[in-house]
Amino acid sequence: DGVIGGVGGVLVFLPQIGILFLFLSLLEDTGYLARAAFVMDRLMRRVGLPGKAFVPMLSAHACAVPAIMSARVIESRRDRLVTMMVLPLLSCSARIPVYAMITALLFPHRPLVAGLVFTGAYTLGIVAALVMAYVFKRTLLPGETKPLVLELPGYKMPSLKTALLATFDRCRIFVKRAGTVILAVSIVLWFLATYPKSPVPEVAEQQLAAAEQLELNGEVESANALRQQAERATSQNNLANSFAGRLGHRIEPIIAPLGFDWQIGVGVVSSFAAREVIVSTLAVVYGVGETAAEENPSSLYDSLRAATRSDGSPVFTTATCVSLLIFYVLAMQCLSTQAVTRRETGGWRWPMFQLGYMTVLAYVSALAVFQLLNGLGVT
């Protein structure tokens, strides 16, 4: 599970990286992207970004990994660093399952409002990236943005062969250079969420015994339902007592001001491998089961809406859902991006700074929103 899951965590990015680079290569070959960078240069320079950052920022909405790789086209090291530091703030495709889960919890019967909130999450990411670029320009990475000097190529029909070769080369580099780090940390995260093994809880043993009796009586469907309940109880117990579960309990005092409990804390920790992992993690810790959540998403939403704290109050209130949404818009939560940033910058200094400032930004923003909504009595 650890090795295959880790490899899958690496290779899952390849299709979108390949498709994205293929179409970007085709666009570049037509002569269009140079014109797009020229048009955006004036706006980008006002916030401390070069016009050439427009293309990486565009591609970051698919995945920050190829976006950071494509920042190589920016000649100035300062401009390149600023671009790489803000690219993960733009909402990538990995955040979509998280946004979908939260908007479904907030507005299950109001799709128009849910769509507006979904769009707002993307807008927040764009605004945050531009604001942080401006902040870096005035503080950490001061200096004027290099003027955009380029020769506008003539429009022409793109070469499919050239685009395919460029796509293959960039995918090969991603697997070779980033894959080893991603694989290693994915295995570590799997180990933390799996061990130490816990004994089967008493309630699960009772359910399994009852399932056997029902099967002997010919009630196969009821027996299978009980076995699924026993499996969920066992998974929930194992995760709660694992290293990751214990870590969730330890960080609960830190994340409690955001409206998060230890189960959400486990999701936050486990989703560092990939943002969308929080959905399957919450399905396990709240007793739905990952398979059941995939087959019937409404079972996950019903379980999350019914989840309560120790005092009987609901966990996923409006304030908590909005806080979680803000956190995932702004937080790093992506091992792949960290690995590629390390490769592109030549060390761990900038990736660690990137992780640190995004975590602080996400925490403070989510804290402010949660406390404000709570203060206004929003439930």
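See the structure printed just above.
Rules and cut-offs
Residues numbered from 1 in each chain as written. Predicted model: local features only at pLDDT ≥ 70, side-chain atom pairs only at ≥ 80, totals over all residues. Heavy atoms only, no water. Helix = DSSP H or I, 4+ residues; strand = E, 2+ residues; numbered from the N terminus. Buried < 20%, exposed > 50% of the residue type's maximum accessible area, 1.4 Å probe, protein only. Contact = heavy atoms within 4.5 Å. Areas by Shrake-Rupley, 256 points an atom, 1.4 Å probe, with all protein chains shown as cover. Core = buried A, V, L, I, M, F, W, Y, C linked by side-chain atoms within 4.5 Å. Phe/Tyr/Trp six-rings, centres within 6.5 Å; stacked < 30°, edge-to-face > 60°. Lys NZ or Arg CZ within 6 Å of the ring centre and 35° of its normal. Axes fitted to C-alpha atoms, helices over the stretch in contact; angles between N-to-C directions. Parallel < 35°, antiparallel > 145°, perpendicular 65-115°, else oblique. Left-handed = near helix turned anticlockwise from the far one by under 90°. Nonpolar A, V, L, I, M, F, W, Y, C, P; charged D, E, K, R; others polar. Salt bridge = Lys/Arg side-chain N within 4 Å of Asp/Glu carboxyl O. Patch = residues over 30% accessible without salt bridge, like charges linked within 9 Å, V, L, I, M, F, W, Y side chains within 5 Å. Expected span 1.5 Å × (residues − 1). Bend = angle between axes of the 7 residues up to and from the residue.

(A) Quick look at the overall build of the protein. When helices and strands are tallied, the protein shows 19 helices and 0 strands. Expressed as a percentage of its 379 residues, the buried residues of the protein come to 48%. Sequence-distant contacts in the protein: of pairs separated by 6 or more residues, those separated by 24 or more amount to 72%. Total accessible area computed for the protein in this model is approximately 18400 Å², and 64% of it derives from carbon and sulfur atoms.

(B) Spotlight on the nonpolar core. Formed by 79 residues in total, the largest nonpolar core has its most connected members in Leu 49, Met 101, Phe 316, Leu 324 and Phe 327. Considering each element in turn, this core owes the most residues, 8 residues, to helix H17 (residues 318–330).

(C) Broad picture of the packing of aromatic side chains. Going through the model one piece at a time under the given rule, you end up with 11 aromatic pairs. Pairing Trp 350 with Phe 353 gives two aromatic rings, centres 5.9 Å apart and planes at 90°, and the pair type is edge-to-face. One end of the pair, Trp 350, and the other, Phe 353, are both in helix H19 (residues 349–375), 3 residues apart, so they sit about a helical turn from each other. Of the residues examined, Phe 353 reaches a relative accessible area of 27% and is grouped as partly exposed. Clustering of aromatic rings is evident, with ring pairs tying together Phe 136, Trp 350, Phe 353 and Tyr 357. Directly above the ring of Tyr 195 sits Lys 197, whose terminal nitrogen or CZ lies 5.6 Å from the centroid.

(D) Region of interest: the packing of helix H8 (residues 111–138) against H17. Packing of H8 against H17 brings their axes to within 9 Å, and their N-to-C directions diverge by 40°. Taken together, the axes of H8 and H17 are oblique relative to one another. Where H8 crosses over H17, the two elements pack in a sense that is right-handed. Packed against H8, whose contacting residues are Val 117, Ala 121, Leu 124, Gly 125 and Ala 128, the element H17 presents Leu 325, Ile 326, Val 329 and Leu 330 at the interface. Considered class by class, the residues forming the contact of H8 with H17 number 8 nonpolar, 1 polar and no charged.

(E) Representation of the pattern of salt bridges within the structure. According to the stated counting rule, one finds 6 salt bridges in the structure shown. Of the charged contacts, one joins Arg 72 and Glu 344 as a salt bridge, the two residues approaching to 2.8 Å between their closest N and O atoms. Highlighted residues: Arg 72 in the loop between helix H5 (64–70) and helix H6 (77–86) and Glu 344 in helix H18 (residues 335–345), separated in sequence by 272 residues. A salt bridge links Asp 79 to Arg 78, with the shortest nitrogen-to-oxygen separation between them at 2.5 Å. By the burial criterion, Asp 79 is buried, and Arg 78 matches it.

(F) View of a nonpolar patch on the surface. Taken together, Leu 27, Tyr 32 and Tyr 155 make up a surface patch of nonpolar side chains, about 330 Å² in accessible area. Examined against the element boundaries, Leu 27 turns out to sit in helix H2 (residues 14–30).

(G) Local environment of H19. For H19, built from 27 residues, the straight-helix expectation of 39 Å at 1.5 Å per residue is met to within 8% by its first-to-last C-alpha distance of 39 Å. Within the sequence span of H19, burial applies to Trp 350, Pro 351, Gln 354, Tyr 357, Met 358, Ala 362, Ser 365, Ala 366, Phe 370 and Leu 373. Lining the buried residues of H19 we find H6, H8, H17 and H18. At the C-terminal side of H19, Gly 377 shows a positive phi close to 80°.

(H) Expanded view of the environment of Pro 108. Along the chain, Pro 108 falls in the loop between helix H7 (96–106) and H8. Distance from Pro 108 to Tyr 301, taken between C-alpha atoms, is 9.1 Å for residues 193 residues apart in sequence. Those residues in contact with Pro 108 that sit more than four places away from it in its chain are Thr 103 and Arg 305.

(I) Examining the packing of helix H12 (residues 243–255) against helix H13 (residues 262–270) more closely. The N-to-C vectors of H12 and H13 enclose an angle of 110°; their axes lie 8 Å apart at closest approach. With respect to H13, the axis of H12 lies roughly perpendicular. Seen along the crossing, H12 lies across H13 with a hand that is right-handed. Every residue of H13 that contacts H12 at Ala 244, Gly 245, Leu 247, Gly 248, His 249, Ile 251, Glu 252 and Ile 255 is listed here: Trp 262, Gly 265, Val 266 and Val 269. Residue classes in the contact of H12 with H13 are distributed as 7 nonpolar, 4 polar and 1 charged.

(J) Local environment of helix H3 (residues 32–46). A maximum bend of about 50° is found in H3 at Met 40. Within H3, the full set of buried residues consists of Leu 33, Ala 36, Ala 37, Asp 41 and Met 44. Buried-residue contacts for H3 involve H2 and helix H4 (54–59).

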